[in-house]
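Now for the letters of each chain:
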Amino acid sequence: MGSGTEGADQALVRRAQAGDRAAFGRLVGKYRTRIMKLAMRYMHNHEDAEDTVQEIFIRAYGGLSHFRGQAEFYSWLHRIAINAAKSALQSRRRSAVPNPEELHEYGAIPARMQDLDTPEDLASTDQICVAVNAAIDSLCVEQRIAIELRELDGLSYAQVACAMACPIGTVRSRVFRAREAIDHRLRRQYVPLRCG
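Values in this document were obtained by computation on a predicted structure and should not be read as measured data.

Student: What's the story with the overall build of the protein in this structure? I'm lost.
Tutor: Helix and strand content of the protein: 10 helices and 0 strands. For the protein, buried positions account for 44% of its 196 residues. Considering only intrachain contacts with a sequence separation of at least 6, the fraction spanning at least 24 residues in the protein is 67%. Carbon and sulfur atoms make up 48% of the accessible area of the protein, which totals about 10400 Å².

What follows is the structure in structure tokens.
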């Protein structure tokens, strides 16, 4: 996200803070798809994710007066989104099986995992999608958030550090450990199929 984008965001935020609802609506339109992707990774189904997205933007609108522009708007919004998604997940306590088509549609799987060159006897792409999401879900909260912000949302390490309110070095460490854990889990699951 370049300075031009952030400057445009700041201008819209100032207008929204002054009571211009259309300005906030433009921010919603700009970031809704990205926030929906985040919600899908937590909720694993479209209906719950939609409810969560609504809650996220309600919280953001309610908290807009507290936004001082010390961080990028999207980093601030992302922090609200993570907290709202985690709250929604805890309150619903759903044990629904993820729908691979929905997860794929909203980009829950990193592109590099979608492009895996798998042998014919390896599990289908849908199974891989579910396996990757399960590997991500098995991470501790700090590692999961760090890897999602960095790999799935494409934020810089500095932006992740801002969103998570921690040093860049900590973010790098969490992302590294998360990648190792995901790789280890997937190798355990799929290497025996290739060797058998």
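Right, picking up where we left off after that structure.
Student: How should I be thinking about helix α9 (residues 157–164) in this particular structure?
Tutor: Here α9 lies mainly inside the structure; 6 of its 8 residues are buried. When we look at burial in α9, the residues that qualify are Tyr-157, Gln-159, Val-160, Ala-161, Ala-163 and Met-164. Positive backbone phi, approximately 55 degrees, marks Ala-165, located one or two places after α9.

Student: Can you walk me through the packing of aromatic side chains in this structure?
Tutor: Where two aromatic rings form a pair, the distance of their centres and the angle of their planes describe that pair. One pass over the structure, following the stated rule, counts 6 aromatic pairs. Taking the centre distance of 4.9 Å and the plane angle of 65 degrees together, the rings of Phe-24 and Tyr-61 count as edge-to-face. Separated by 37 residues along the polypeptide, Phe-24 in helix α2 (residues 21–43) and Tyr-61 in helix α3 (residues 46–63) bring together distant segments of the chain. Residue Tyr-61 is classed as partly exposed on the basis of its relative accessible area, which comes to 35%. With 5.7 Å between their ring centres and 40 degrees between their planes, Phe-73 and Trp-76 make a pair best called tilted. One end of the pair is Phe-73 and the other is Trp-76, both in helix α4 (residues 73–92) and 3 residues apart, which spans about a single turn. As far as burial versus exposure is concerned, Phe-73 and Trp-76 are alike and both buried.

Student: Mind showing me how you'd approach the environment of Tyr-42 here?
Tutor: With respect to the element layout, Tyr-42 can be found in helix α2. Owing to a relative accessible area of 4%, Tyr-42 belongs among the buried residues under this scheme. Sequence spacing of Tyr-42 and Ala-88 is 46 residues, and the spatial spacing of their C-alpha atoms is 8.8 Å. Contact partners of Tyr-42, with chain neighbours within four places excluded, come to Ile-82, Ala-85, Lys-86, Leu-89, Arg-144, Ile-145 and Glu-148.

Student: Please explain the nonpolar core as it appears in this structure.
Tutor: Soluble globular proteins tend to bury their nonpolar side chains together. Among the nonpolar cores identified, the biggest contains 54 residues, and Phe-24, Ile-35, Phe-73, Leu-77 and Leu-149 are the most heavily contacted of them. Within the residue set of this core, elements represented by two or more residues are α1 (3–17), α2, α3, α4, α7 (125–137), α8 (141–152), α9 and α10 (168–195). For this core, the element with the most residues is α2, which contributes 12 residues.

Student: Please explain the pattern of salt bridges as it appears in this structure.
Tutor: Here the idea is simple: oppositely charged side chains can pair when their charged atoms come close. Scanning the model with the defined rule gives 5 salt bridges in all. Asp-9 serves as the salt-bridge partner of Lys-30, at 2.6 Å between the closest nitrogen and oxygen. Here Lys-30, found in helix α2, pairs with Asp-9, found in helix α1; they are 21 residues apart in sequence, far enough to count as distant. In this structure, Glu-148 engages Arg-41 in a salt bridge whose closest nitrogen and oxygen atoms are separated by 3.8 Å. Note that Glu-148 is positioned in helix α8 and Arg-41 in helix α2, a separation of 107 residues in sequence. Neither Glu-148 nor Arg-41 differs from the other in exposure class; each is buried.

What counts and what doesn't
- Residues numbered from 1 in each chain as written.
- Predicted model: local features only at pLDDT ≥ 70, side-chain atom pairs only at ≥ 80, totals over all residues.
- Heavy atoms only, no water.
- Helix = DSSP H or I, 4+ residues; strand = E, 2+ residues; numbered from the N terminus.
- Buried < 20%, exposed > 50% of the residue type's maximum accessible area, 1.4 Å probe, protein only.
- Contact = heavy atoms within 4.5 Å.
- Areas by Shrake-Rupley, 256 points an atom, 1.4 Å probe, with all protein chains shown as cover.
- Phe/Tyr/Trp six-rings, centres within 6.5 Å; stacked < 30°, edge-to-face > 60°.
- Core = buried A, V, L, I, M, F, W, Y, C linked by side-chain atoms within 4.5 Å.
- Salt bridge = Lys/Arg side-chain N within 4 Å of Asp/Glu carboxyl O.

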